[in-house]
Amino acid sequence: KKLSPPENVAIPHMGWNEALATKESPLFQPRERYYFVHSFAIDTCDPKWAAAVSDYGGQRFTCAVADGRRAACQFHPEKSGKQGLALLRRFVSLARSTQANLGAVVSGTTTLAP
């Protein structure tokens, strides 16, 4: 839904803001700053999916979701300097690890943990 901050707060939400992890994740650190450019946010999110939240104009919203091998974020890692680059590196590392594990499963040499 569209963000609805107080009148004195600009839309779109554009600039640096803190993302606070709501659960343990190999992608999202407990507290990092990322660059946001958006006017909309998830209205409600299943707690199983919510990975990080942020606040803008007194409105808290889910800014990252993750479950298993799926993840998405509201902010722009590619515009977020060192923190964004670190997130992208973690993502690539996790993808490579998953791909290696899946290759091993297909070849019958190992099984994935649930």
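What counts and what doesn't
Residue positions are given per chain, counting from 1 as you read along its sequence in written order. Residue-level local features of this predicted model are given only where pLDDT is at least 70; pairs of side-chain atoms are given and counted only at 80 or more, and the full residue set underlies all totals for whole chains, interfaces and linings. As a convention, hydrogens and water are excluded, and side-chain values are obtained from all of the structure's heavy atoms. Any carboxyl oxygen of Asp or Glu that lies within 4 Å of a side-chain nitrogen of Lys or Arg is treated as forming a salt bridge with it. Here a strand pair is declared whenever DSSP counts at least two bridges between the two strands. Strands are runs of DSSP state E lasting at least two residues, helices are runs of H or I lasting at least four, and both sets are numbered from the N terminus onward. All axes are obtained by fitting lines to C-alpha atoms, using only the stretch in contact for helices, and the reported angles, taken between N-to-C directions, cover 0 to 180 degrees. We call a set of buried Ala, Val, Leu, Ile, Met, Phe, Trp, Tyr and Cys residues a nonpolar core when their side-chain atoms join them within 4.5 Å. Exposure classes here rest on a 1.4 Å probe applied to the protein chains alone. A residue is buried below 20% of its type maximum, exposed above 50%, and partly exposed in between. Throughout, a residue-residue contact means that at least one pair of heavy atoms, one from each residue, lies within 4.5 Å.

**Student:** Looking at this model, I keep getting lost on the pattern of salt bridges. Mind explaining?
**Tutor:** Between side chains of opposite charge, pairing is possible as soon as their charged atoms come close. Within the structure shown, the criterion is met by five salt bridges. One connected set of salt bridges, linked through shared partners, spans Lys48, Asp67 and Arg70.

**Student:** What's the story with the pairing of strand β5 (residues 70-73) in this structure? I'm lost.
**Tutor:** Within a regular strand, side chains alternate between the sheet's two faces. As paired elements, strand β4 (residues 59-67) and β5 share four bridges and run antiparallel to each other. In the sheet register, Asp67 faces β5, and the bridge partner there is Arg70. Once β4 ends, the chain turns through two residues before running back antiparallel as β5, passing Gly68 with a positive phi of about 60 degrees.

**Student:** Please explain the sheet that holds β4 as it appears in this structure.
**Tutor:** Pairing is antiparallel in the open sheet, where five strands are placed in the order β2-β1-β3-β4-β5. The open sheet is flanked by β2 (31-38) and β5, the only strands paired with a single partner. Each strand of the sheet is rotated relative to its neighbour by a mean of 30 degrees, with strand direction disregarded. Both strand β1 (residues 13-21) and β2 contribute to a ladder of eight bridges, which runs antiparallel. Each bridged residue has a counterpart across the sheet, and for Gly15 the counterpart in β2 is Phe36.

**Student:** Would you explain the nonpolar core in this entry?
**Tutor:** One recurring pattern in soluble globular proteins: nonpolar side chains tend to sit buried together. Counting residues in each nonpolar core, the largest one holds 16 residues, and the members touching the most others are Phe28, Phe61, Cys63 and Phe75. Contributions of two or more residues to this core are made by β2, β3 (50-56) and β4. Ranked by the residues each element gives to this core, the list is headed by β4, at four residues. Discounting chain neighbours no more than four positions away, the residues touching Cys63 are Ala19, Phe36, Ala52, Val53, Ser54, Ala72, Cys73, Gln74 and Phe75.

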